[in-house]
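What follows is each chain in one-letter form.
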Amino acid sequence: MRVGLIGAGRIGRMHGAVLASLPGVDAVVVSDVNAAAAEALAAEIGGRAVATAAEAIDSADAVVVAAATDAHAPLLRQTIAASRPTFIEKPLAFTLEESRELVDLVASSGVPVQVGFQRRFDTAYAEARRLVVAGELGVIYTIRLIAHDAAPPPEAYIPTSGGIFRDSSVHDFDSLRFMTGEEVEDVVAVGSVRGFEMFSRYGDSDTVAALLRMTDGTIATLSQTRHNPRGYDIRMEIVGSRDTVSIGLGPHTPTRSLEPGGPDFGTGWDGFLARFEPAYRAELERFIDVAGGRAPSPCTADDGYQAMRIAVAAGTSMAEGRSVRLAEIV
Ligand code: ISE
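Calculation criteria
Residues numbered from 1 in each chain as written. Predicted model: local features only at pLDDT ≥ 70, side-chain atom pairs only at ≥ 80, totals over all residues. Heavy atoms only, no water. Pairing = 2+ DSSP bridges. Helix = DSSP H or I, 4+ residues; strand = E, 2+ residues; numbered from the N terminus. Near = heavy atom within 4 Å. Polar contact = N/O pair within 3.5 Å; in protein donor to acceptor, adjacent residues only side chain to side chain. Nonpolar A, V, L, I, M, F, W, Y, C, P; charged D, E, K, R; others polar. Buried < 20%, exposed > 50% of the residue type's maximum accessible area, 1.4 Å probe, protein only. Lys, Arg positive; Asp, Glu negative; His and termini not counted. Salt bridge = Lys/Arg side-chain N within 4 Å of Asp/Glu carboxyl O. Contact = heavy atoms within 4.5 Å.

Enquirer: Describe the sheet that holds strand 5 (residues 86-89), with residues and values.
Expert: Pairing in this open sheet of 6 strands is parallel, and the strands run 3-2-1-4-5-6 from one edge to the other. Strands with a single pairing partner mark the edges of an open sheet, and in this sheet they are strand 3 (48-49) and strand 6 (113-116). Pairing of strand 2 (residues 27-31) with strand 3 involves 2 bridges; the strand directions are parallel. Following the sheet pairing, Val-30 is matched in strand 3 by Ala-49.

And the structure:
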């Protein structure tokens, strides 16, 4: 299978390296709006660089879109028009309207599409989901989410990212749906700029929190920052009537216990690429099966749209200072 990779930035480089190492992939064709970046990545992974996204799509059997968020919708329209199975990085699109439109387009086309929520492929998330489904945690009372980036993205990334809820919390919102099998009923969110003034220049925040109620009454809280001096910290704690489990609590958790005799967490993760490397690999392995018609999409365009609705609800709550019901966001 020949795979077109559109985007040779930070996540594109990770996907390129993984694709080039997969036995089911014969060739990787790379394009980027920055031609030098495409050439450098192609040289590094033994692929071929082309000048435009259209050429990458034409010369491939399947496409991985890892371009900036504001380019997602136009690129997905192009890959669907060319009937190419597509892996598209999160979020599905820049706006809610585009996301909704893409769900309809994908459904009517029948072209397989997988959205890049890699945490679904992390072994600890998968094990927690297994425990939830098996009833081993009992009734889920509450879920606590921590999402602390090690360092903020470069300033140029901010205006095309869609803001912290769409760019980053969208993973946590998807993981809540994945874990509980429930939808979010309503959300209250707050945000501020605590460390990096550049976020205010784009109406964005570097520190946010959200309180979410799921349709079955489970309560979830999210704490999120764009900087954590000890490293990249992604955690989920699930408290149920029969057991309590933690994802992301281990030898690299970027925190320091102050308890006498407490655990030594060692060196923290330096970023999401290192923390989720095996999950990024597993999601693309699956995509090759999806593209080859051997498996259904594990993370559909509709999953991307539903996570986007939660992100938009959180943004609306923060902007308007009120609780927002998901039913409002369509
Ligand atoms: C980035 O785009 C990601 O997708 C990471 O998983 C997330 O943790 C980070 O905050 C985002 O900027």
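Enquirer: Describe the site of the ligand, listing the residues and the values that go with them.
Expert: Around the ligand sit Arg-10, Lys-90, Asp-149, Tyr-157, Asp-167, Ser-168, His-171, Arg-226, Tyr-232 and Phe-272, and that is every residue in its neighbourhood. A distance of 2.7 Å is found between an oxygen atom of the ligand and a side-chain nitrogen or oxygen belonging to Asp-167. Residue Arg-226 places a side-chain N or O atom 3.1 Å away from an oxygen atom belonging to the ligand. When residues of the shell around the ligand are assigned to their parent elements, the largest contribution, 3 residues, is made by helix 8 (residues 164-180). Partitioning the shell around the ligand into residue classes produces 3 nonpolar, 2 polar and 5 charged.

Enquirer: Go over the side chain of Glu-283, please, and point to the residues and values.
Expert: Relative to the helices and strands, Glu-283 is located in helix 10 (residues 277-291). The side chain of Glu-283 is buried and forms no salt bridge, while Arg-120, the nearest opposite charge, is found at 8.7 Å. Within the structure, Glu-283 has its side chain in polar contact with the backbone nitrogen of Gln-118 (distance 3.4 Å). When near neighbours in sequence (up to four residues on either side) are disregarded, Glu-283 contacts His-15, Phe-87, Glu-89, Gln-114, Gly-116, Phe-117, Gln-118 and Phe-121.

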